[in-house]
Amino acid sequence: RRLACGDVEGRLETLFRRVKAIQDKSGRFDMLLCVGNFFGPTSEIEWAEYRTGAKKAPIPTYLLGANGPETVSYFPDVSGCELAENITYLGRRGLYSGASGLQIAYLSGTEAQQEPAPAYSFSAKDVAELKMSLLSTPDFKGVDILLTSPWPRGAETFDNSTGEIDTKKCGSKLVSDLAASLKPRYHFAALEKVYYERLPYRNHTVLKETPQHVSRFIALADVGNAGKKKYLYAFSIVPMSMMDLAELVKQPQDVTENPYRKLEKVAQKSRTPLPAEEDPACQFFFDLKKHQGNKRSSDEKQRVTSQPKQAKKPPQPPGPCWFCLASPEVEKHLVVSIGTHCYLALAKGGLLPDHVLILPIGHYQSVVDLSSDVVEEVNKYKSALKKFFRSKGKRYVLFERNYRSQHLQLQVVPVPLDQCTSEDIKESFITQAQEQQIELSEIPEHSDIMQVVQPGTPYFYVELDTGEKLFHRIRGRFPLHFGRSVLASEALLAVPQRADWRQCAAERAEEEAQAHAFRREFKPFDFSLRR
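Description of the structure in this document. In this text, all values refer to a predicted model and were calculated from it rather than measured experimentally.

**A look at the packing of aromatic side chains**
(1) Moving on: Enumeration according to the criterion identifies 30 aromatic pairs in this entry.
(2) Moving on: Taking the centre distance of 5.0 Å and the plane angle of 50 degrees together, the rings of Tyr62 and Tyr96 count as tilted. Separated by 34 residues along the polypeptide, Tyr62 in strand β3 (residues 61-63) and Tyr96 in strand β6 (residues 93-97) bring together distant segments of the chain.
(3) Moving on: Among the aromatic residues, those joined into a cluster by ring pairs are Phe38, Phe39, Trp47, Tyr74, Phe75 and Tyr89.
(4) Moving on: Seen from the ring of Phe29, Arg1 lies directly overhead, with NZ or CZ sitting 4.1 Å from the centre.

**A short note on the nonpolar core**
(1) Moving on: Val356, Leu385, Ile449 and Phe518 are the most contacted members of the largest nonpolar core, which totals 35 residues.
(2) Moving on: Examining the composition of this core, we find that seven residues originate from one element, helix α7 (residues 372-391), more than from any other.
(3) Moving on: In terms of nonpolar packing, the next biggest core, distinct from the first, is built from 29 residues, Phe38, Tyr50, Cys81 and Leu83 among them.

**A few points about the sheet that holds β6**
(1) Moving on: Strands sit in the order β6-β7-β10-β11-β13-β12 across an open sheet of six strands; the sheet is mixed. In the strand order of this sheet, the two ends are held by β6 and β12 (196-197), each with one partner.
(2) Moving on: Pairing between strand β7 (residues 103-107) and strand β10 (residues 145-148): four bridges, direction parallel. Of the residues in β10, the one forming a bridge with Tyr106 is Leu147.
(3) Moving on: Against the sheet, helix α4 (residues 173-182) contacts β7, β10 and β11 (186-189), and its axis sits at roughly 170 degrees relative to β10.

**Looking at α4**
(1) Moving on: For α4, the buried fraction is high: seven of the ten residues fall into the buried class.
(2) Moving on: Along α4, the residues that are buried comprise Leu174, Val175, Ser176, Leu178, Ala179, Ser181 and Leu182.
(3) Moving on: Residues of α4 that are buried sit in contact with β7, β8 (110-111), β9 (121-122), α3 (124-135), β10 and β11.
(4) Moving on: Where α4 starts, the residue carrying a side-chain oxygen 3.1 Å from the main-chain nitrogen of Leu174 turns out to be Ser172.
(5) Moving on: Positioned one or two residues after α4, Lys183 has a phi angle of 50 degrees, which is positive.

**Regarding the pairing of strand β22 (residues 469-473)**
(1) Moving on: Of all the five residues making up β22, five are buried; the element is thus mostly covered by neighbouring parts of the structure.
(2) Moving on: Where burial is concerned, the two faces of β22 agree: the one with Lys469, Phe471 and Arg473 and the one with Leu470 and His472 are both buried.
(3) Moving on: Judged from the three bridges that link them, strand β20 (residues 441-443) and β22 form a sheet pairing that is antiparallel. Bridge pairing in β22 places Ser441 opposite Phe471.
(4) Moving on: Relative to β22, strand β21 (residues 459-464) is paired through five bridges, and the arrangement is antiparallel. Looking at the pairing, Glu463 lines up with Lys469 of β22.
(5) Moving on: Two successive antiparallel strands, β21 and β22, enclose a turn made up of four residues, where Gly467 displays a positive phi of approximately 95 degrees.

What counts, and at which threshold
- Residues numbered from 1 in each chain as written.
- Predicted model: local features only at pLDDT ≥ 70, side-chain atom pairs only at ≥ 80, totals over all residues.
- Heavy atoms only, no water.
- Phe/Tyr/Trp six-rings, centres within 6.5 Å; stacked < 30°, edge-to-face > 60°.
- Helix = DSSP H or I, 4+ residues; strand = E, 2+ residues; numbered from the N terminus.
- Lys NZ or Arg CZ within 6 Å of the ring centre and 35° of its normal.
- Core = buried A, V, L, I, M, F, W, Y, C linked by side-chain atoms within 4.5 Å.
- Buried < 20%, exposed > 50% of the residue type's maximum accessible area, 1.4 Å probe, protein only.
- Pairing = 2+ DSSP bridges.
- Contact = heavy atoms within 4.5 Å.
- Axes fitted to C-alpha atoms, helices over the stretch in contact; angles between N-to-C directions.
- Polar contact = N/O pair within 3.5 Å; in protein donor to acceptor, adjacent residues only side chain to side chain.

Pasting the structure below:
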């Protein structure tokens, strides 16, 4: 059991009186860790009693060094030393290992603004040497605790606001880098005179890296502050080295992405996809050859091409593609809406009459290959379809199979609200995946498919109307009709005979009637008609 404390600023009596009261009420704590300014401009009178032994700290106390020139004299040895009975200065930088195996990394001072760094500051070299000494340790997983006086720059990214503090301007980039590398389970800082406890964040990329423990950043206020902001933090921690791995890497529900990692930018490069084995009997056919150029006037086209962030031209298909809107081989009667970058078409041999596809007009193999403009319009169609199906008493299920296909097909299937819940749908996908030895993982709430898979990787993906997402990285063979089979099962739509689209062929007249009915009903929700 440990206590952490913010800026003491020489108010030793106030601090230790509070610590004694906590221990009298809750039992003994093993140590007190102090970050920020331990000494202040009026420290000498109170400090003299502890330095001379007239008084003793009620708990083993460990503190960081000076943050300014006025208190440097209190720290006679930069490598660390005992300042008074039960009060120890950790040193300029290093690792403290307790008898229990607890590992505490520490960095004293504030980030240097000049070279050489003064005695109360740290430099990039200090941070690099601390990182090197720890990261070179065999099987290094992280440290239990990190102590710094300054906040890390950008701590609030992906999190709730810090309110009074703008972490994009305050704090240290070097501390951010240190925290990202050392992966502390707890990171304490001070100096800003506010209390802030960030949501826990991940130290791994979901579905790309082996799961790791989460980190918690906690900033503490100054001792005895008038606003009664929290300056003492009590916590229990078992050393990482003594924990079962499964317990160590458990992810809490409110975990966020790592605030210090640079956001990965998916490169939208024009490229020819690697040859893929196409499903021999293609499911959907469209022909808009006669309609090319009829949706927008030349003036409107000019306005689109003059936009400052024009997307790169999509790659050309390596051969005939049945889904590129300009293909001369397709039937036009199933297309129900055309946007700027995407279009909607009814599925040929659909599970239901209103089973629809979202497809990019240009040639893209999967969602992760899309340019930002296309992604934006895909999301517009998803939102419109969600509202449309809700108005008809249905919820939608969306799935994509990036395997044995050349052109992205987002299949959107409506399921009656009174027939099954979103939880029923999720459970059916997971259960049938397990039966077929398919590892279907849930993508965390704050992540999306583009964060967990690289372009060119085969995968299967499901998205529910609740926003929940399921994902499988395809490494070998994969059942082509898996998504349809799950939805067609008796547990959901109860039309198992329609799992294979080839068994669901309809006459052209029936398809035309279904498309006409869909266009008419979807019209109030179709944003493409309002351009």
